[in-house]
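Secondary and tertiary structure notes
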Amino acid sequence: MKINAGRHNMQDFTYVNKTEIHFGHDRIQSELRPVLERFGKRVLLTYGGGSIKKNGLYDQVKDLLGGFDIFELSGIAPNPKIDSVREGQKIAKAENVDVILAVGGGSVIDASKVIGSAKFYEGDPWDLVINPSLRKEIDQVPVVDILTLAATGTEMNYGSVISNPETNQKLGTYGPKSPAVSFEDPELTYSVSKWQTAAGAIDIMSHLFEQYFDNAANKDVQDGLKEGIMRADIKWADTALQEPENYDARANLMWASTMALNGIVGLGNENGWTVHPIEHEVSAYYDITHGVGLGILTPRWMQYVLSAETAPKFAQYGRNVWHLTGDDDMTVAKAAIQKTYDWIKSLDVPMTLPEVGIDSDEHFQAMAESAVKVGQLDKHAYVSLQPSDVVKIFEAS
Ligand code: NZQ
Ligand code: ZN
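Residues numbered from 1 in each chain as written. Chains lettered and ligands numbered in written order. Predicted model: local features only at pLDDT ≥ 70, side-chain atom pairs only at ≥ 80, totals over all residues.

- Naming follows an unreviewed UniProt entry, where the protein appears as Putative NADH-dependent butanol dehydrogenase of Weissella viridescens.

**Some thoughts on the nonpolar core**
- Of all hydrophobic cores here, the largest spans 108 residues; its most connected members are Ile100, Leu101, Val103, Leu208 and Leu253.
- A total of 9 residues in this core trace back to one element, the largest contributor, which is helix H8 (residues 194–212).
- Beyond its immediate stretch of four places on either side in the chain, Ile100 contacts Leu44, Thr46, Ser112, Ile115, Gly116, Val141 and Val143. (Core = buried A, V, L, I, M, F, W, Y, C linked by C-beta atoms within 7 Å. Buried ≥ 20, exposed ≤ 12 C-beta atoms within 10 Å, placed from the backbone. Helix = DSSP H or I, 4+ residues; strand = E, 2+ residues; numbered from the N terminus. Contact = placed C-beta atoms within 7 Å.)

**Quick word on the site of ligand 1**
- Around ligand 1 lies a shell of 34 residues, among which Gly48, Pro78, Gly105, Gly106 and Thr154 are the nearest.
- Going through the elements one at a time, helix H2 (51–54), helix H5 (106–118), strand E7 (159–164) and H8 are the ones with two or more residues in the shell around ligand 1.
- Of the residues belonging to the shell around ligand 1, the class tally is 9 nonpolar, 23 polar and 2 charged. (Near = placed C-beta within 6 Å. Nonpolar A, V, L, I, M, F, W, Y, C, P; charged D, E, K, R; others polar.)

**Regarding the pairing of strand E9 (residues 181–184)**
- By the alternation rule, side chains of E9 split into Val181 and Phe183 and Ser182 and Glu184, which are all buried.
- Bridging between strand E2 (residues 20–23) and E9 involves 4 bridges; their strand directions are parallel. For Ile21, the partnering residue across the bridge sits in E9 and is Ser182.
- Inspection of the sheet shows strand E6 (residues 143–147) paired to E9 by 4 bridges, in the parallel sense. (Pairing = 2+ DSSP bridges.)

**A look at the packing of helix H15 (residues 364–375) against helix H16 (residues 387–396)**
- At their nearest, the axes of H15 and H16 sit 8 Å apart, and the two run at 125° to each other. In terms of orientation, H15 and H16 fall into the oblique class. Considering only the axes of H15 and H16, their crossing is right-handed. Residue-level inspection shows Phe364, Gln365, Ala368, Glu369, Ala371 and Val372 of H15 in contact with H16, the latter providing Pro387, Val390, Val391 and Phe394. (Axes fitted to C-alpha atoms, helices over the stretch in contact; angles between N-to-C directions. Parallel < 35°, antiparallel > 145°, perpendicular 65-115°, else oblique. Left-handed = near helix turned anticlockwise from the far one by under 90°.)

Put into structure tokens, the structure is as follows:
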């Protein structure tokens, strides 16, 4: 384990994000048609396992789109599988679609972005996941989305995470375009289960942690943004669990999802992410809910990397997010990690790997090696980790 305590200046950056956000109550009613008309008449409608049929959104969308040529891809699963992308590629090519309308959570939107690239690719879309640079060379069908779950930030970023169950891989890929337009109506998240609400809130928090614990120093603007979003996430996650139809809670969580991962709060950063690459291995092997996996691993990672060198940053987090007091950084840092653990537990999610069905260490070594390789944890992490370190984090979980 090596601390990359470079403590460098804020890094140079260029920031462009062309996603148009339409936030608020029932904006699709009058705006979905004109938005889609900008891109064309041939629409690939993508969605998941049926939540949009249960809550009425599917019928509303279909009613709004009279006169459009609509082709459907349903059944996109959580931790979206490459087979759904393959199916979408076939439809997108055969029907020469102009635009993809993704209605759902991160899984539906992630898969839709890759389908958007796959329309212009002749080979197997898994190539576009393992070799994302291919996507930079080809066009991407515009994606318009109606977000139904606050968590991933995919509604305003370039990323997708796609799973291949045959190879036990779950990998990130980045396209040339973020969604063209995202509709964010907090009321559409009223029907999200407690489990997914909690997982979403943890995912948002983790995105902020991944970008907060970084060795570029004196990023006061970015740190303040992240601390503010963390406080909002903590405050409103609990309310959303108690009162699923509380508009302010759902609205704050939805905007937190977008702001935590549209690139803004990470500008000037030096390091890559750590807990996400580790969690993606767990989801790749065991298909667990992403946010729940993060909730289990995050406090263990924090404990593992806490040292005299990292304590000041953890103490800053504790003071500014949890309002902890005291002059001794190590004491405040330890209390902040405990607060993090207690908050996740209060959301009523499993806190150990055995509780999500992982009661053997048989894959720990392979998962650790892959996490280090994919996430470059030995080179670019906040605190460098070797596979043996990641195995210890699994064992502590
Ligand atoms: O499939 P349906 O029936 O729609 O049900 C979904 C699914 O079962 C349900 N759901 C969604 N909206 C609902 C709803 N149920 C009731 N009411 C609603 N309004 O929730 C379940 C989970 O959906 P999913 O889309 O999988 O959740 P989430 O938005 O958390 O996305 C998770 C995926 O995104 C990836 C994760 O790894 C995971 O594969 N991530 C994507 C990122 C990105 N593109 O930037 C970054 C993240 O770190 C993350 O890795
Ligand atoms: Zn995430």
